[in-house]
Amino acid sequence: MELIIISGLSGAGKSRVAAVLEDMDFYCVDNMPVSMMPRFAELCLDTRGKYERVALVTDVRALEDISEFFAALDEMREMNCEIRILYVEAEVETIVKRYKETRRRHPLDVGFSGLEDAVLAEIKRLSPLRARVDEIIDTTGLTLGKLQRMLFTRMEGQESNKALNVNIKSFGFKHGIPIEADLMFDVRFMPNPHYIAELQAKTGLEAEVKEYVFAHEQSAEFFQKLCNMMDFLLPHYIEEGKRYLVVCIGCTGGRHRSVAISETLMEHLSKNGYPVDCVHRDIEKGQL
C-alpha cells in the first residue's frame, strides 16, 4: 500500500495538497491522530486492495511527541507500507498574510500573543520532522495549477496532462443546450448526413458518416482550428487549477455531425495525454 503522510506548517496548504492527491485517486483523511495511524493502515490493508493509495494529514497539534510519530511510521513500514512524508511549508510572511485574510486562529497562537511568533514556534517544534521528510513543498507564490503539476510530477514520476479531465458531450440543439457546458461549439454549418439516404439511419459513430463529414473542406478546416484552440487552452486551464472541463458540440439532432466531431476530438486529446471521455446525449433520440 502506498501511504503518503502530509504534514508541515499550519496555513501552508496541507489541505490543498490533500485535495490534489484525492483527485489522483488517493483516499485522504485529515487530522489523523498519530496513535491511530497504524490501526488505520492495518484496516486499509485488510480490504485486500480496495485502498492501495492512502494519504493522511497530520499537523502540529498531533505531533507534540515526534518520537511517537516516528514509532508509528516504523510500525507501518513493518506492515510493508510504502511511506512517503510530504512536508508543506511557506515563508513566514506568506503564512501570516493567509491567516489575516481568513481570520482564523493559528493553533499555537495561545492568548493571541502574535501570529509571527506562533509561526516561528511551529517551525522550531517541527524542525526534527522536517529533517527526515522525503519531500518538501514550498507553496509560497504557488498557484493551484502549479501545485497540481508539481504533485503530479513528484507522485507519478513525470509531468502529466492528467491534472485536467475533459468530458466531451455531443448534443442536438432541438433537444436543448446542456447547462453544464464550459465550452460549446455549433457544427450545424457542416453538410448534414441526414439528407443522404444511405446515411440517414446511421450515426456519427459509423465510419461512413465520419468520412462524409470530414470529406468537406469547411469541416476539416473547422476541426483543425478546434484542435489548435484546445491545444492552446488546456495547458492554461491546468495553470489556473481547473480540474474538469466539459466541451459540448452540437448539431441539429445530435446524431451525425456532432457525434463525428466529438469522437475525433476525443481521439486527438487522448493522443496528447489528457484523460478524456465522450458522451452522446441525443444519439438515440430519433432522426432529424
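Residues numbered from 1 in each chain as written. Predicted model: local features only at pLDDT ≥ 70, side-chain atom pairs only at ≥ 80, totals over all residues. Heavy atoms only, no water.

A.B. asks: Give me the environment of Asp-134: which residues, what numbers.
C.D. replies: As for its placement among the helices and strands, Asp-134 is situated in the loop between helix H5 (115-130) and strand E5 (135-138). Between the C-alpha atom of Asp-134 and that of Arg-84, which follows or precedes it by 50 residues, the distance is 5.9 Å. Apart from residues lying up to four places away in sequence, Asp-134 is in contact with Ile-83, Arg-84 and Ile-85. Here the side chain of Asp-134 touches Ile-85 through a polar contact of 2.8 Å, landing on its backbone nitrogen. (Helix = DSSP H or I, 4+ residues; strand = E, 2+ residues; numbered from the N terminus. Contact = heavy atoms within 4.5 Å. Polar contact = N/O pair within 3.5 Å; in protein donor to acceptor, adjacent residues only side chain to side chain.)

A.B. asks: Describe in detail the sheet that holds strand E2 (residues 27-29), supporting the description with residues and values.
C.D. replies: The five strands are arranged E2-E3-E1-E4-E5 in an open sheet whose pairing can be described as parallel. Sheet topology places E2 and E5 at the edges, where each strand pairs with a single neighbour. The sheet shows a mean angle of 20° between the axes of neighbouring strands, direction not considered. With seven bridges connecting them, strand E1 (residues 2-8) and strand E4 (residues 82-89) associate as parallel partners. Bridging across to E4, Ile-6 finds its partner in Leu-86. Its contacts with the sheet place helix H2 (residues 37-46) against E1, E2 and strand E3 (53-57), and it is angled at close to 160° to E3. Sitting on the sheet, H5 is in contact with E1, E4 and E5, with an inclination near 155° to E4. (Pairing = 2+ DSSP bridges. Axes fitted to C-alpha atoms, helices over the stretch in contact; angles between N-to-C directions.)

A.B. asks: Lay out the pattern of salt bridges in plain terms, naming residues and giving numbers.
C.D. replies: With the rule as written, the count across this model stands at 14 salt bridges. For the salt bridge of Lys-210 with Glu-267, the shortest nitrogen-to-oxygen distance reads 3.8 Å. In this pair, Lys-210 is assigned in helix H7 (residues 207-214) and Glu-267 in helix H9 (residues 257-271), connecting sequence segments 57 residues apart. The partner of Asp-282 in a salt bridge is Lys-285, and the shortest N-O contact between them spans 2.8 Å. The network of salt bridges with common partners includes Arg-39, Glu-42 and Glu-75. (Salt bridge = Lys/Arg side-chain N within 4 Å of Asp/Glu carboxyl O.)

A.B. asks: Tell me what's going on with the side chain of His-280, and back it up with residues and numbers.
C.D. replies: With respect to the helices and strands, His-280 occurs in strand E9 (residues 276-280). Here the side chain of His-280 touches Ser-170 through a polar contact of 2.8 Å, side chain to side chain. Setting aside its immediate chain neighbours within four residues, His-280 contacts Ser-170, Leu-205, Val-259, Ser-262 and Glu-263.

A.B. asks: Tell me about the nonpolar core, and please be specific about residues and values.
C.D. replies: Within soluble globular proteins, side chains that are nonpolar generally end up buried alongside one another. Ranked by internal contacts, the top residues of the largest apolar core, which has 55 residues, are Ile-5, Ile-6, Leu-21, Leu-56, Phe-69 and Leu-129. Phe-185, Val-209, Val-247 and Met-266 belong to the second-largest nonpolar core, a separate cluster that totals 30 residues. (Core = buried A, V, L, I, M, F, W, Y, C linked by side-chain atoms within 4.5 Å. Buried < 20%, exposed > 50% of the residue type's maximum accessible area, 1.4 Å probe, protein only.)

A.B. asks: Residue-level account of the packing of aromatic side chains, with values.
C.D. replies: All chains considered together, the criterion is met by six aromatic pairs. Their ring planes at 15° and their centres at 6.4 Å tell us that Tyr-27 and Phe-40 sit as a pair that is stacked. Here Tyr-27 is found in strand E2, whereas its partner Phe-40 is found in helix H2, with 13 residues between them in sequence. Tyr-27 gets classed as partly exposed once you look at its relative accessible area, which sits at 38%. Judged by centre distance (5.4 Å) and plane angle (70°), the rings of Phe-189 and Phe-222 are edge-to-face. (Phe/Tyr/Trp six-rings, centres within 6.5 Å; stacked < 30°, edge-to-face > 60°.)

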